[in-house]
Number of protein chains: 4
Amino acid sequence: MAKLTLSNANKIITDALAKGKELGLKPLTVVVLDAGGATIAMQREDGSSHLRPEIAAGKAFGCIATGVGSRWLNAQAETRPHFLEGLSNVSGGRIVAVPGGVLVKIETGEIIGAVGITGDTSDNDEIAAVAGIEGAGFTPDTGA
Amino acid sequence: MAKLTLSNANKIITDALAKGKELGLKPLTVVVLDAGGATIAMQREDGSSHLRPEIAAGKAFGCIATGVGSRWLNAQAETRPHFLEGLSNVSGGRIVAVPGGVLVKIETGEIIGAVGITGDTSDNDEIAAVAGIEGAGFTPDTGA
Amino acid sequence: MAKLTLSNANKIITDALAKGKELGLKPLTVVVLDAGGATIAMQREDGSSHLRPEIAAGKAFGCIATGVGSRWLNAQAETRPHFLEGLSNVSGGRIVAVPGGVLVKIETGEIIGAVGITGDTSDNDEIAAVAGIEGAGFTPDTGA
Amino acid sequence: MAKLTLSNANKIITDALAKGKELGLKPLTVVVLDAGGATIAMQREDGSSHLRPEIAAGKAFGCIATGVGSRWLNAQAETRPHFLEGLSNVSGGRIVAVPGGVLVKIETGEIIGAVGITGDTSDNDEIAAVAGIEGAGFTPDTGA
C-alpha cells in the first residue's frame, strides 16, 4: 500500500494555491489528510478566515469517512438530509458535506488520502483541489 | 430471557458477509448489538471505509433505541424530520436513520439484539442483514 | 506499506481469546484497529460487560494516537497526569491509558494497527493481546 | 498591529524541522497559530503519529489562551492541578499543558501567534520551536 508523504502533501498544497492564484480565487485554506484521517499538512492563506482550517478538514474527513468525494455527500444531503445528519453525528460533528473535499487515489484505485479546500465557491475550491492532486501525480476523485 | 451470544453474533456476521459476496455487493461493515445496545461483534471488510463501523452501529442502535427496524426510522425522517432530530439529539447523536438496521427477534417476538450494515445501497445492506439473522436461526424485523 | 486485513484481525482475536481461555482469564473484549484508528474487528465474550468495547477501543486508540503501546501512556499518567488529561481531551475523550493496548508492527518497525483488550487485569489483558498479535505473525509493542 | 503571515508560518515550520533534523530528534509535528488561535499552517513529518496535530495544537492553544508559554502551564499543572483542570474545561478541552508551546512575539512584546511542537521529549520539542521562531526573525517566549 502506498502512503502519502509530507513531501507529497506540501506539493499538493503548493499546486492548489497556485491554481487559486491563477484563477483569481479568494484566499484559500488547504488541508491534506492521510488514509486514516490524520492531518499531514495545512496552509491558510492571508485573509482566509478563522474557522477555515476546520471547514477544509471537514470536507476532507467526509471523504475519508465514507470513501467517496464530498460532492457525493453534498448530493446525499440534498436528497437524504437525515442520512447526512446521522453521518455527521456519528462522526462527532467532523463532516462538512459540500464540494471541495476530494479523495487522493493511486492508479490501482486505492485511497491514500484526501484534500479539503475552502475559501471561494465550493466548485472553485474543488477545482483547486483537483489541480493540487494532479500536480502531485495522483488521481483525484471528487465524488461527481 | 434469551440472549444473543458471541457465537450467534459471529454466525450472523459470517452469513451476512457471505450474502454480500453472493450478490456482488461492495465491501460491507457489519455490527451486532445486544438487547442493551452494547456491541457484541463487528467486522469491516477490506476496502470498507473509515467511518463504516460508526455508521453500521448507528443503524443498529436506532433499532434498539426505538424497538423498531431502521426502515421505519427512515420513513419517520422523511415525514417528521423534527422527530428524528429530537430522537437523534436525546441519543447523544448515536442514530443513523436509514435502512440496514434490523432487529433480531426470537419466536416469542422478544428483541434480543440488532444488526447494522453499511457499504452498499441501504436496501442491499438490509438484504445482507436479513440473511445473516435468518442464517443464525432468528427472526429479522426491518421496520417495513 | 503493509495493511492489516480483516482476515489478520480475525486471527488476532481468535488467538487472543484462546490465550485468555488457556490462562483461565475472565471474559474478554478484543478490538483491532487499523493504522488510521478505524476499527477492523471486535468481539466481546459472553459475560464481558456493556462498555468493554469502548474501553478496549480506548486502549488501542491511545497507541495509534501516540505511536506507543498503552503501557507507556499508563506510566505517563502516573508521572505527568496533566499530560494525559490534555491528550485525552484533544482526542475527544477516546483514550484509556492503562496496559492492554498493544501496537501491531511488521519487521520494518512500521505500525499497521493496534489491539486493545479488557476484561481481566490490565497485565493479563496485555498478555492476551501479545499472544494474538504474535499468533498472526506480527510484532507486538506494549510500550514497556 | 503586526500579523503573522502564511509565509512567516511556513518559514517557522521549515526552520523548526531543520533544527529537529540537526539534533536527530524523532519525527515532529509543528503547528503555527495566529493571535486569535486559528491555525495558519501545520506539517506532520512521516512517522509522526496520528494525534500529533491535535497535541501540537493543544500546546500552542494553551499559550494563546493564557498569554504565556506552555512551560508555565506545565508548572501550574504540577502545583495547582485544579487550575489546569478548570482552564482545560473552559477551553472546551483544547489545551495540552506541557512544554513545547511557545509564544511568537515582536520586539514591542506584542503576541502575534504561537507555535506548538510534539514528537520528541517536551524539552526538545521546545528547542525546535524556539529555533523556528528565531529563524523567522521573531522573539520566542517559552513561559520559563
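Nothing here was measured: the structure is a model prediction, and the numbers come from that model.

### Points about the overall build of chain A
Okay, step 1: If you tally the helices and strands in chain A, you get five helices and five strands.
Okay, step 2: Listed N to C, the secondary structure of chain A is α-β-β-α-α-α-β-β-α-β in terms of helices and strands.
Okay, step 3: What you see for chain A is a C-alpha radius of gyration of 14 Å, in line with the 15 Å of a compact globule of 144 residues.
Okay, step 4: Principal-axis analysis of the C-alpha atoms gives chain A an extent of 40 × 35 × 25 Å.
Okay, step 5: By the burial criterion, 59% of the 144 residues in chain A qualify as buried.
Okay, step 6: In chain A, of all internal contacts separated by at least 6 residues, the share reaching a separation of at least 24 is 65%.

### Topic: the relation of the copies chain D and chain A
Okay, step 1: Under the fitted operation, chain D is carried onto chain A by 0.0 Å of movement along the axis and a turn of 180°, and the coordinates agree to an RMSD of 0.1 Å. Taken together, the rotation and translation describe the operation of a two-fold axis. Residue Met-42 of chain D of chain D places its C-alpha closer to the rotation axis than any other residue of that unit, at 2.5 Å.

### Quick word on the interface of chain C and chain B
Size of an interface: often given as the accessible area lost when the parts come together.
Okay, step 1: Opposite the 18 residues of chain C that make contact, chain B presents 18 residues.
Okay, step 2: In this assembly, chain C packs against chain B so that about 1400 Å² is buried in total across both faces, 47% of it on carbon and sulfur atoms.
Okay, step 3: In terms of surface lost to chain B, no three residues of chain C exceed Leu-6, Met-42 and Arg-44 of chain C, which account for 36% of the buried area on that side.
Okay, step 4: The tally of links from chain C across to chain B stands at two salt bridges.
Okay, step 5: In this structure, the connection of chain C to chain B is made through 13 residue pairs in polar contact (both at pLDDT 80 or more).
Okay, step 6: Counting residues per element, the ones that place at least two in the side of chain C that touches chain B are helix H1 (6-23) and strand E2 (39-44) of chain C.
Okay, step 7: Looking at the side of chain C that touches chain B element by element, the count peaks at six residues for E2 of chain C.
Okay, step 8: Grouping the constituent residues of the side of chain C that touches chain B by class yields seven nonpolar, seven polar and four charged.
Okay, step 9: Bridge count for strand E2 (residues 39-44) of chain B against E2 of chain C is three bridges, and the pairing is antiparallel. Across the sheet, the residue bridging to Met-42 of chain B is Met-42 of chain C, located in E2 of chain C.

### Here's the deal with the relation of the copies chain C and chain B
Okay, step 1: With an RMSD of 0.1 Å, the operation that places chain C on chain B is a rotation of 180° combined with a shift of 0.0 Å along the axis.
Okay, step 2: When the interface residues of chain C are mapped onto chain B, 100% of them again lie at the interface, so the same face is used by both copies.

### A look at the pattern of salt bridges
Okay, step 1: Under the criterion given, the structure shown has 34 salt bridges over all chains.
Okay, step 2: Here Asp-15 of chain C and Lys-11 of chain C are joined by a salt bridge, their closest N and O atoms 3.1 Å apart. With Asp-15 of chain C and Lys-11 of chain C both in helix H1 and four residues apart, this pair spans about one turn of that helix.
Okay, step 3: Using a relative accessible area of 39% as the deciding quantity, one classes Lys-11 of chain C as partly exposed.
Okay, step 4: Between Arg-71 of chain D and Glu-126 of chain D there is a salt bridge whose closest N-O contact spans 2.8 Å.

### Notes on the packing of helix H3 (residues 70-79) of chain A against helix H4 (residues 81-90) of chain A
All names here are of chain A.
Okay, step 1: Following both chains from N to C, one finds H3 and H4 inclined at 120°, their axes separated by 5 Å at the closest point. Between H3 and H4, the crossing angle belongs to the class labelled oblique. Between H3 and H4, the contacting residues are Trp-72, Leu-73, Gln-76, Ala-77, Glu-78 and Thr-79 on the first element and Pro-81, Phe-83, Leu-84 and Leu-87 on the second.
Okay, step 2: Tallied by class, the residues present in the contact of H3 with H4 amount to seven nonpolar, two polar and one charged.

### A closer look at the pairing of strand E1 (residues 29-34) of chain A
Within a regular strand, side chains alternate between the sheet's two faces.
Residues and elements named next belong to chain A.
Okay, step 1: In terms of residue burial, E1 counts as a mostly covered element, since six of its six residues are buried.
Okay, step 2: Residues Thr-29, Val-31 and Leu-33 line one face of E1 and the alternating positions Val-30, Val-32 and Asp-34 line the opposite face, and both faces are buried.
Okay, step 3: The pairing of E1 with strand E4 (residues 111-118) spans six bridges and is antiparallel. Bridge pairing links Val-31 to Gly-116 in E4.

### Description of the sheet that holds strand E5 (residues 139-141) of chain D
Okay, step 1: Taken in spatial order, the ten strands make up an open sheet running E5(A)-E3(A)-E4(A)-E1(A)-E2(A)-E2(D)-E1(D)-E4(D)-E3(D)-E5(D), and their pairing is antiparallel. The sheet is open, and its two edges are formed by strand E5 (139-141) of chain A together with E5 of chain D, each paired on a single side. The mean inter-strand angle of the sheet, taken between neighbouring strand axes irrespective of direction, is 20°.
Okay, step 2: Note: strand E1 (residues 29-34) of chain D against strand E2 (residues 39-44) of chain D, five bridges, orientation antiparallel. In the strand pairing of E2 of chain D, Val-32 of chain D is matched with Ala-41 of chain D.

### Notes on the nonpolar core
Okay, step 1: Ranked by internal contacts, the top residues of the largest apolar core, which has 50 residues, are Val-115 of chain A together with Val-115 of chain D.
Okay, step 2: Every residue in contact with Val-115 of chain A, bar those within four places of it in the chain, is listed here: Ile-12, Val-30, Val-31, Val-32, Ala-60, Gly-100, Gly-101, Val-102, Val-104, Ala-129 and Ile-133 of chain A.
Okay, step 3: In terms of nonpolar packing, the next biggest core, distinct from the first, is built from 49 residues, Leu-6, Leu-17, Leu-28 and Val-104 of chain C among them.

### Concerning the side chain of Ser-91 of chain A
Okay, step 1: Mapping Ser-91 of chain A onto the fold places it in the loop between H4 and strand E3 (101-105).
Okay, step 2: Here Gly-93 of chain A takes part through its backbone nitrogen, which lies 3.3 Å from a polar atom of the side chain of Ser-91 of chain A.
Okay, step 3: Once residues within four sequence positions are removed from consideration, Ser-91 of chain A is found in contact with Phe-61 of chain A together with Leu-51 of chain B.

What counts, and at which threshold
Residues numbered from 1 in each chain as written. Chains lettered and ligands numbered in written order. Predicted model: local features only at pLDDT ≥ 70, side-chain atom pairs only at ≥ 80, totals over all residues. Heavy atoms only, no water. Helix = DSSP H or I, 4+ residues; strand = E, 2+ residues; numbered from the N terminus. Rg over C-alpha atoms; globule rule 2.2 N^0.38 Å. Buried < 20%, exposed > 50% of the residue type's maximum accessible area, 1.4 Å probe, protein only. Contact = heavy atoms within 4.5 Å. Least-squares fit on C-alpha atoms with pLDDT ≥ 70 in both. Buried area = accessible area lost by both parts, 1.4 Å probe. Salt bridge = Lys/Arg side-chain N within 4 Å of Asp/Glu carboxyl O. Polar contact = N/O pair within 3.5 Å; in protein donor to acceptor, adjacent residues only side chain to side chain. Nonpolar A, V, L, I, M, F, W, Y, C, P; charged D, E, K, R; others polar. Pairing = 2+ DSSP bridges. Axes fitted to C-alpha atoms, helices over the stretch in contact; angles between N-to-C directions. Parallel < 35°, antiparallel > 145°, perpendicular 65-115°, else oblique. Core = buried A, V, L, I, M, F, W, Y, C linked by side-chain atoms within 4.5 Å.

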